[in-house]
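# Observations on the model geometry
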Amino acid sequence: MSDKIIEIIGVKKQFGDNVVLKDINLVIHEKEVVTLIGSSGSGKTTLLRCLNLLNEPDSGNILYLGNDLMNPSTNLDELRMSIGMVFQSFNLFNNKNVLENCTLAPIKLKGLSKEEAEKTAIYYLEKVGMKAFVDANVNTLSGGQKQRVAIARSLCMSPHVILFDEPTSALDPEMVGEVLDVIKQLAKEGMTMVIVTHEMAFAKEVSDRIVFMDSGILLEQGTPDEIFNNPKQERTKAFLKRFNS
């Protein structure tokens, strides 16, 4: 069996007259960490959101474990249980405590019992260093703590892949490290991840492959060493020069 998890074939997307993605082709493999980098407006987040159809491509195909997501018969609820998403703004339920945030979807969507869902949630909250906060109101948490809860919530669904949309961009600088450490640990454990980030040092450390996007085009991809130390495209070089001063 192929180790391809996601295959993106000729994907295009525009909003009004703005063409955001232009004929994107990309394969994500099992246990791979692929990081999307590029300037604001380059199409990174739109591409990420196409992978679970939060944004639906105008044309092209996205295959997940060989199944075409663009097929009208695709069960999007099942798909989104299998492809986790961590948003830059956390998207936690403010009217629920930490534990309830992590158990709601497993109970409602996967049919877990309350006891089983809570046991799973406590396991993952401990994993991200948030077990002591199970009863806390999420409004009392710092940004870094909220994002760690959001990661635990995603893990509670036992996803095959996790998508991260700029997971540290809403955080104060001193809280960035605690979230990146959790993601690094997941990478070591073999979780397949696609990450949009502007944290270049983190991208260099955690990625198996880095994809540089520019104006809706997948301009260049390679290992961290290839992209950071020997970029081929002038646009890639100009982008990275800002981070290597």
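Residues numbered from 1 in each chain as written. Predicted model: local features only at pLDDT ≥ 70, side-chain atom pairs only at ≥ 80, totals over all residues. Heavy atoms only, no water.

## Description of helix α5 (residues 143-155)
- Taking 1.5 Å per residue, 13 residues should reach 18 Å; α5 reaches 19 Å between its end C-alpha atoms and fits that length.
- Within α5, 13 of the 13 residues are buried, which leaves it mostly tucked inside the rest of the structure. (Helix = DSSP H or I, 4+ residues; strand = E, 2+ residues; numbered from the N terminus. Expected span 1.5 Å × (residues − 1). Buried < 20%, exposed > 50% of the residue type's maximum accessible area, 1.4 Å probe, protein only.)

## Quick word on the sheet that holds strand β1 (residues 4-15)
- Strand order across the open sheet formed by four strands is β2-β1-β4-β5, with antiparallel pairing between neighbours. Edge positions in the sheet fall to β2 (18-29) and β5 (67-68), since each of these pairs with one other strand and no more.
- Alignment of strand β4 (residues 59-64) against β5, held across two bridges, turns out to be antiparallel. Residue pairing in the sheet places Tyr64 in a bridge with Asn67 of β5. (Pairing = 2+ DSSP bridges.)

## Brief notes about the sheet that holds strand β8 (residues 192-196)
- Taken in spatial order, the six strands make up an open sheet running β6-β7-β8-β3-β9-β10, and their pairing is mixed. This sheet does not close on itself; its edge strands, each paired only once, are β6 (83-86) and β10 (217-222). Adjacent strand axes in the sheet meet at a mean angle of 20 degrees when their direction is disregarded.
- Pairing between strand β3 (residues 33-37) and strand β9 (residues 209-214): four bridges, direction parallel. (Axes fitted to C-alpha atoms, helices over the stretch in contact; angles between N-to-C directions.)

## Some words on the environment of Val196
- Checked against the element boundaries, Val196 lands in strand β8.
- On the basis of relative accessibility, which here comes to 0%, the residue Val196 falls in the buried class.
- Separated by 29 residues in the primary sequence, Val196 and Pro167 have C-alpha atoms spaced 7.9 Å apart.
- Excluding its chain neighbours within four sequence positions, the residues that come into contact with Val196 are Leu36, Lys44, Thr45, Leu48, Phe164, Asp165, Glu166 and Pro167. (Contact = heavy atoms within 4.5 Å.)

## Digging into the layout of surface pockets
- Each pocket or cavity is described by its volume, and for the largest pocket that value is around 520 Å³.
- Looking at the largest pocket, it is lined by 19 residues, and the ones nearest its centre are Arg80, Ala105, Leu109, Arg153 and Met157.
- Elements that contribute at least two residues to the lining of the largest pocket include exactly α2 (76-82), β6, α3 (98-108) and α5.
- With four residues, the single largest contributor to the lining of the largest pocket is α3. (1 Å grid on protein atoms, 1.4 Å probe; cavity = no way out; pocket = protein on both sides within 12 Å on 5 of 7 lines; lining within 4 Å. Points joined across faces, edges and corners; volume = space filled by probe spheres on them.)

## Details of the UniProt feature "domain: ABC transporter" (unreviewed entry) in the protein chain
- UniProt records the feature "domain: ABC transporter" (unreviewed entry) at residues 6-240, using the numbering of this structure.
- What you have in residues 6-240 is 37% helix and 26% strand, and the ends, taken at the C-alpha atoms, are 27 Å apart. (UniProt positions renumbered as here; feature names shortened; annotations may be inferred.)

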